[in-house]
Amino acid sequence: MAAAVLAPSPIELQEDSHCRRHSLQGSEEFAVAMPRNRSFTCVDTSMHCAQPRWRRTGKPSMHRQNSEGHFQLPDLEQVSEDDTDWPRPSIKWEAGKLMLKSLDFDALQFSAEDQMLFVFEIFNQMQVCETLKVKQQALKKFIMCAKGCMRDNHYHNWAHAFDVVQTTYAFALQSGVMELLTQIQRFALIVAALCHDLEHPGLSNQYLIARRDELALRYNDRSVLENHHAFRAFQLMNDETHLLEDFNKEEYFQFRSLVISCVLATDMAKHGGYVTELKQRLQDPEAEISPLFACKLIIKCADISNVTKPFAVAKKWAARITLELFEQGDRERAQGMPVTATCDRERQSPAALQRGFAAFIAIPYFETVEGYLPRLAGLAARIRNNSELWVDGESEAAA
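Throughout, residues of each chain are indexed from 1 in the direction in which the sequence is written. Per-residue local features of the predicted model are confined to residues with pLDDT of at least 70, and side-chain atom pairs are confined, for both listing and counting, to 80 or more; whole-chain, interface and lining totals are unaffected and use all residues. No hydrogens and no water enter the side-chain calculation; it runs on all heavy atoms of the structure.

Draft legend 1. Summary view of empty space enclosed by the protein. Grid spacing is 1 Å over the protein atoms alone, the probe is 1.4 Å, and a cavity is where that probe fits but cannot get out, while a pocket is an open set with protein on both sides within 12 Å along at least five of seven lines and lining residues have an atom within 4 Å of a point. Grid points are joined across faces, edges and corners, and a volume is the space filled by probe spheres set on the points. Applying the stated rule across the entire model yields 1 cavity of 30 Å³ or more. Approximately 60 Å³ is the volume attributed to the largest cavity. Surrounding the largest cavity, Val 307, Ala 314, Gln 354, Ala 358, Ile 383, Asn 386, Ser 387 and Trp 390 form its lining. For the purposes of this entry, the term helix denotes a DSSP run of H or I that reaches at least four residues, the term strand denotes a run of E that reaches at least two, and both are numbered from the N terminus. When residues in the lining of the largest cavity are grouped by element, the largest group, 3 residues, is from helix H15 (residues 379–389). Classification convention: Asp, Glu, Lys, Arg as charged; Ala, Val, Leu, Ile, Met, Phe, Trp, Tyr, Cys, Pro as nonpolar; all other residues, Gly among them, as polar. Of the residues contributing to the lining of the largest cavity, the split by class is 5 nonpolar, 3 polar and no charged.

The structure is reproduced here in structure tokens:
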């Protein structure tokens, strides 16, 4: 779950014809997210029945839903043995491949197809297929299914899923954590990053709980979205793609345990607990780094890493998360619910949201992580510098 407050919801909002929909094309200026008069018609539907908007030209939609409410997955026969239907790289792909280990990578510069190829390339660089008896075609099918389970949200979409995969990979390498992990643990960490937001509808756990949504009832109001993401991940791996069919019992449950732990770690409601545990570990300077705890720290870092990127990149992601937050606030207001403070377009500004997130969440967290993983030093300083560039009422940084 990224940024500060997001999760699934059952409400479809339809704008009246005179209200234009926000666009993320072009410069993604923040002006589109600022307060204005809007009129909504609210139609209650289950989140499992909402019709996704994304369509893939010339091929069946990967976002249709089946009778059980989950997305109908792509026809897995599309991934033929000769890779006829596997994406082909664009002219930008080779340059992007060279940046996969960099913390300055800009995921939004690349197409969804290139992003799929990058995920497969990361697994290749990790030698997953050679060392873990994972079949290449099953891995490709799994990547296709993961992409197909991402909704067309402003922020929690396939681009974010890929961004977290690439950033998790880069953080794990640069921090030295990758060196501490077994091959199964490395595979589990990247799979968790890929699946950490499967079927995320762009609304918060708190919203789902307040609406008494089916998912909140199913997971007893506890890490609602994160439990669902992990559940769907193993449905894809076990039932749809048979990705893990050659794992023995011990390998499977070691892998499963770490994937679930990492996905659940992205619940921001548990953030304070991780910070407290991290500080306790830092009190013993002789203690060795725990690989499993470090994995959870890494994926949490990656999930909120937009603020660590170069400002031009961070600003694009900020535009997207602001739109998604404000749309939740619009729904809450239209339904007569208390409006979540960070989702209130009438009281918040993009600059204030970014500065607040940096000051209260990101900087304290990364400063503490740097004490545990010193090879990541400098990230908190970058967040602080980016925060100082935000100016109220403007979408550009001050000169």
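Draft legend 2. Seen up close, the confidence of the model for the chain. The predictor rates its confidence in each residue with pLDDT, a number between 0 and 100. In this model, the chain carries a mean pLDDT of 84, and residues with pLDDT of at least 70 account for 77%. Should any heavy atoms of two residues lie within 4.5 Å, those residues are considered in contact. This model gives residues 2–64 a pLDDT under 50, and the stretch forms 181 contacts once residues within four places in sequence are excluded. Scored below 50 in pLDDT, residues 395–399 shows 12 contacts in the model against residues more than four places distant or in partner chains.

Draft legend 3. Representation of the packing of aromatic side chains. Classification of ring pairs rests on two measures: the distance between centres of Phe, Tyr or Trp rings, Trp counted by its six-membered ring, which must be within 6.5 Å, and the angle between planes, read as stacked under 30 degrees, edge-to-face over 60 and tilted in between. Per the counting criterion, the structure on display carries 19 aromatic pairs. Each ring, one from Phe 105 and one from Phe 110, has its centre 5.3 Å from the other, and the planes form 20°; the classification is stacked. Residue classification places Phe 110 among the buried residues on the basis of a relative accessible area of 11%. Here Tyr 365 and Phe 366 contribute two aromatic rings whose centre-to-centre distance is 5.8 Å and whose plane-to-plane angle is 80°, an arrangement assigned as edge-to-face. The buried label goes to any residue with under 20% of its type's maximum accessible area, the exposed label to any with over 50%, and the partly exposed label to all in between, with areas taken from a 1.4 Å probe on protein chains only. Accessibility expressed as a relative area gives 1% for Phe 366, which makes it buried. A network of ring pairs unites the aromatic residues Phe 123, Phe 187, Phe 234, Phe 247, Tyr 252, Phe 253 and Phe 255 as a single cluster. A ring is scored as having a charge over it whenever the NZ atom of a lysine or the CZ atom of an arginine sits within 6 Å of its centre and within 35 degrees of its normal. Note that Lys 140 overlies the ring of Phe 120, its terminal NZ or CZ placed 5.1 Å from the centroid. The side chain of Arg 281 reaches across the aromatic face of Phe 293, ending 4.2 Å from its centre.

Draft legend 4. The arrangement of the environment of Val 224 in detail. With respect to the helices and strands, Val 224 occurs in helix H9 (residues 224–240). Counting along the chain gives 18 residues from Val 224 to Gln 206, while the straight-line C-alpha distance between them is 9.0 Å. Residues contacting Val 224, with those up to four places away along its chain left out, are Asn 205, Leu 208, Ile 209, Leu 215, Ala 216 and Tyr 219.

Draft legend 5. Main features of the pattern of salt bridges. Definition used for salt bridges: Asp or Glu carboxyl oxygen within 4 Å of a side-chain nitrogen of Lys or Arg. One pass over the full model with this rule turns up 15 salt bridges. Put simply, Arg 232 and Glu 199 hold a salt bridge, and the shortest N to O gap is 3.0 Å. Of this pair, Arg 232 sits in helix H9 while Glu 199 sits in the loop between helix H6 (183–195) and helix H7 (205–210), placing them 33 residues apart in sequence. Owing to a relative accessible area of 3%, Glu 199 belongs among the buried residues under this scheme. Where Arg 333 meets Glu 346, a salt bridge forms, and the shortest distance between an N and an O atom there is 3.8 Å. Here Arg 333 is found in helix H13 (residues 311–334), whereas its partner Glu 346 is found in the loop between H13 and helix H14 (350–372), with 13 residues between them in sequence. With relative accessibility at 31%, the residue Arg 333 sits in the partly exposed group. One network of salt bridges, with partners in common, ties together Asp 330, Arg 333, Asp 344, Arg 345, Glu 346 and Arg 347.

Draft legend 6. Quick peek at the nonpolar core. Residues Phe 187 and Phe 255 are the most contacted members of the largest nonpolar core, which totals 103 residues. Not counting residues within four places of it along the chain, the set of residues in contact with Phe 255 comprises Ile 184, Phe 187, Ala 188, Val 191, Phe 234, Met 237, Leu 244 and Phe 247. Residues belong to one nonpolar core when they are buried, are Ala, Val, Leu, Ile, Met, Phe, Trp, Tyr or Cys, and are joined through side-chain atoms within 4.5 Å. Judged by nonpolar contacts, the second largest core, of 6 residues, contains Leu 215, Ala 216, Val 224 and Leu 225.

Draft legend 7. Layout of unusual backbone geometry. Of note, the phi angle at Arg 212 is positive, near 55°, even though the residue is not glycine. Assignment of secondary structure puts Arg 212 in the loop between H7 and helix H8 (214–218). Positive phi, close to 65°, is recorded for Asp 221, a residue that is not glycine. Turning to its location among the elements, Asp 221 is positioned in the loop between H8 and H9. Looking at Asp 221, the relative accessible area reads 41%, which means it is partly exposed.

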